[in-house]
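The primary structure of each chain is shown beneath.
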Amino acid sequence: MRLPYRILSSINNYKPSCYILIFAAILFVLSSCNVVKRVKDNEHLITKNTIIEDGKVNTEERVNNIIIQKTNLGIDGFLGFPLRLHVYNLARPNIDSILQAKVLSDTSKIKWKTALLSRKQFDKEIQSRKNFNSWLKRTGEAPRILNEEKTIKTVNNFRKYYYSKGWFDNKVDYEIVRDSNKRAKITYKVTKNKPYVLDSLKPIISSPEIDTLYKIFSKSSLLKKGEQYDEQNYTKERERINNYLRNAGFYYFGQDYIRFITDTIGTNHKINTELIIDNRSIRGDDSTAIVPFKKYKIKEVNIYTDDNFENRFKAISDTTTFKNYNLYSKDKLRFRPRALTDAIFINKGDNYSDLARSRTSRYLNDLQMFRYPSIDYVENETDTTLTANIYLERRKKYQLGLDFDASISNIQSIGFSVTPGLKIRNVFRGAETLEISGIAAIGASKDRADDVSTFFDINEFGGNIRLTIPRLFTPFKTDSIIPKYMAPSTAINLSATSQQNIGLDKQTISGLLSYNWQPSKTVTNTLELFNVQFVKNLNTSNYFGVYSNSFRRLDDIARDIGYITENETLAAPPGQPNRFRDADIFINDVIGGNTTLNTEDNDFIVVNNIDERKQRLTENNLIFSTSFDYKKDKRTNIFDNDFSIFKWRIELAGNFLSTLSDVIGSTKNENGNNEVFGVAFSQYFKTEIDYVKYFHLGRKSVFAFRSYAGIAIPYGNSNSIPFAESFFGGGPNDNRAWTAYNLGPGSSNTTNEFNEANFKIHISAEQRFGLFGGFRGALFVDAGNIWNVLDNVEDEAATFTNFSSLKDIAVGSGFGIRYDFNFFVLRFDTGFKTYDPSQIEGNRWFRDYNFRNAVYNIGINYPF
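Conventions we followed
Residues numbered from 1 in each chain as written. Predicted model: local features only at pLDDT ≥ 70, side-chain atom pairs only at ≥ 80, totals over all residues. Heavy atoms only, no water. Axes fitted to C-alpha atoms, helices over the stretch in contact; angles between N-to-C directions. Helix = DSSP H or I, 4+ residues; strand = E, 2+ residues; numbered from the N terminus. Parallel < 35°, antiparallel > 145°, perpendicular 65-115°, else oblique. Left-handed = near helix turned anticlockwise from the far one by under 90°. Contact = heavy atoms within 4.5 Å. Core = buried A, V, L, I, M, F, W, Y, C linked by side-chain atoms within 4.5 Å. Buried < 20%, exposed > 50% of the residue type's maximum accessible area, 1.4 Å probe, protein only. Pairing = 2+ DSSP bridges. Patch = residues over 30% accessible without salt bridge, like charges linked within 9 Å, V, L, I, M, F, W, Y side chains within 5 Å. Areas by Shrake-Rupley, 256 points an atom, 1.4 Å probe, with all protein chains shown as cover. Salt bridge = Lys/Arg side-chain N within 4 Å of Asp/Glu carboxyl O.

Enquirer: Tell me about the packing of helix α15 (residues 548-560) against helix α16 (residues 581-591), residues and numbers included.
Expert: The N-to-C vectors of α15 and α16 enclose an angle of 60 degrees; their axes lie 11 Å apart at closest approach. When the axes of α15 and α16 are compared, the pair comes out oblique. Helix-helix and strand crossings are classified by hand; for α15 and α16 the assignment is left-handed. Within the contact between the two elements, α15 uses Phe551, Leu554, Ile557 and Ala558 and α16 uses Ala583, Phe586 and Ile587.

Here it is in structure tokens:
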């Protein structure tokens, strides 16, 4: 099925309103394809399932998932187009007989083809047709044929489901409507009737030690008098009681010992429940003993620090006792005792606890010092105590890594890099990890001068040292504030890089001291106590070589006012020293009043803005900040598609250096700013909020939503935000109708290569759905922009002044095709400028809404 070439070749010439008509025409043609092509005469394709619950349609996913025979994917969806069914219908059900009749039985055709190709190639062609036919069947989806037996099973499942929710007297019927076009619709009619509610809960507990705890653990019971019966609540209550008792010392307890007996006879829709907790059953060879449950305490905790297969027959040679922990080593103990005992939550004299066991296992794994730590409990026959044995197998102390890379880019014709790395475990015998890495890169510049003798004129060198300590490295105790079950850790990082003939030839030195801890399974906190970054630009004269759009704008203005002739330029040939000196002279002449421009001319304002931007982006930066990050991630696993993630970050920079400057009376530059080591340090407040929510709609359909807001306000020693700390818009993970750094600020229509500002709002919504095989589709809308606020930018179009500035929020929309490789997703998104605030008011909607002006994004994994 093809669209006429004339339509395809001229599609970009249509106005936006025509696209709706074209799209509707395409859908009409596709929808007219025969979906019952492979449905036999005595069969019916299920086109719709409807659940009528007490006279109302029920669309809840949980209830609709009970239906055994679902419709083909997409047949009853928004567009009503079952793509996978159509793909399946393209396959021939009897491909072998067709090939036999049309090809293999015709000796003249075989003779002609084998003469043209060869017998081997002919056989391959026949096999390829069969393989393609099989691929269509695998990729497509066979028609869902009505089977009334499965419909009856679905009715029974509905009865069980509503019974489990408290409607014991429910009634479920079904109705099938078949038409003459081999299609069928099924309607399930549910009458729930009056529900049953819990009236009483009577405990019958056989073991005295558990019975004495009933008043305590019953306070948190999930079974409440007067609430409607729900079988799931009984299941969760069993799990809750089991968890409580196993964390209270009952080592041999299990859920099988908990039972519920319900009585509804003559109770007027009320339920009387008995909670039965049986005694322990001990099975012997010939008999079974029934005994009361007993609490078990931990008598000893033994840690075997170097248990492995190679030394399994070796005798223990090193024994240490530290804080009631026994440490055994077959070789010399390589760890300080506290480094290991801090990771153990099983304590001598405590009641047995599943929670202590799982925390110990998790913490030992997080240390990344051992392979598969294991914990065994041995019952002591003389009393009700347990001996906990923890077996640890050390990983290799040293781990080397080496990566090579070759690349090309817009600044180099070819480049090579090598990244060596060394990881040292237990470097100070406290389970610390020291990671040392470096980078060495060389490349050939595309715009190097002809007389340059060295081919590889680009280079970058750097190194990084990171020390991770599995506790909070502070001079005071923090256990009462951040206990060890929160898995606290400290990271110390130092790095330095140097570039030559790359942009402005930056030299960067940074240092970090951060603390991390997890108050719960879903919450992670990070405190960066010190984060120091020093950036020095060595080649500021190459500014216009990097920001070429700004240079071209200067060139145009200089020609327009007669500063240079039409054949002249403000730049010297590539390779010449200080080749943009004339551009700097022109800026000084304009600002100094030595040209025909005055301060009220638009071109004067443009030149002045370019100069301010140049000064800001070429100045050296010193950032000394403190920040706090909070993250709450409710995602249970990588397959969870119904969750939320909330992130919040707050950062303060420059306060420490400002206070220090006031105390010591440091010198100030010509702008009145304090300097440290000859550099004016940055001072600002910054905060960001990010919220992501997924809604699972069933059958590979997910609605994803993201909202983001961030602001950075300079004050004190700064009147602007460093480029590295500012915000940008556009790109494959932002507003996909604009390329990265190409959106905003506000309604300004700049030609800058990198547009950035200090305030950002962004919202995205995306509907994801399955197509066929590993292919996924998406429809998305992105909205947002960046603005300048409370800084030194005076351009009204780029400044957020009040709520009326929200009219400059850019809107992009589009579609995406993704392929799921299971371990990552390859993403191709096409974004269209739906509302462009850089256009004049009244002409912003759908102005460039076509494929010619679309932005094509390629990304790895989902945008949020």
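Past the structure itself, the notes keep going.
Enquirer: Help me get a handle on the nonpolar core, residues and values and all.
Expert: Within the largest apolar cluster, 30 residues are counted, with the highest numbers of intra-cluster contacts made by Ile344, Ile346, Leu364, Leu367, Phe370, Tyr377 and Ile390. Contributions of two or more residues to this core are made by β10 (297-304), β12 (325-329), α12 (337-341), α13 (354-367), β13 (374-380) and β14 (385-391). If you tally residues by element for this core, the top one is α13, at four residues. In contact with Tyr377, other than residues within four places in its own chain, are Tyr251, Ile298, Ile346, Tyr352, Arg357, Leu386, Thr387 and Ala388.

Enquirer: How would you summarise the sheet that holds β10 if you had to cite specific residues and measurements?
Expert: Spatially, five strands are ordered β11-β12-β10-β14-β13 in an open sheet, and the strand pairing comes out mixed. Of all the strands in the sheet, just β11 (318-322) and β13 have a single pairing partner and so form its edges. If you compare each strand with its neighbour and ignore which way they point, the axes differ by 20 degrees on average. Pairing of β13 with β14 involves seven bridges; the strand directions are antiparallel. Each residue of the ladder has a partner; that of Val378, found in β14, is Thr387. The sheet contacts of α13 involve β13 and β14, and relative to β13 the element is tilted by about 150 degrees.

Enquirer: Quick one: what's the story with a nonpolar patch on the surface, residue by residue and with numbers?
Expert: On the surface, Phe775, Leu779, Phe815, Ile817, Phe821, Phe823, Leu826, Phe828, Phe851, Tyr856, Ile858 and Ile860 cluster together to form a nonpolar patch covering roughly 1100 Å² of accessible area. Taken together, the elements giving at least two residues each to the nonpolar patch come down to β29 (775-787), β30 (810-820), β31 (825-835) and β32 (855-860). If one sorts the elements of the nonpolar patch by residue count, β32 sits on top with three residues. Topologically, Leu826 is positioned in strand β31. For Leu826, a relative accessible area of 37% puts it in the partly exposed group.

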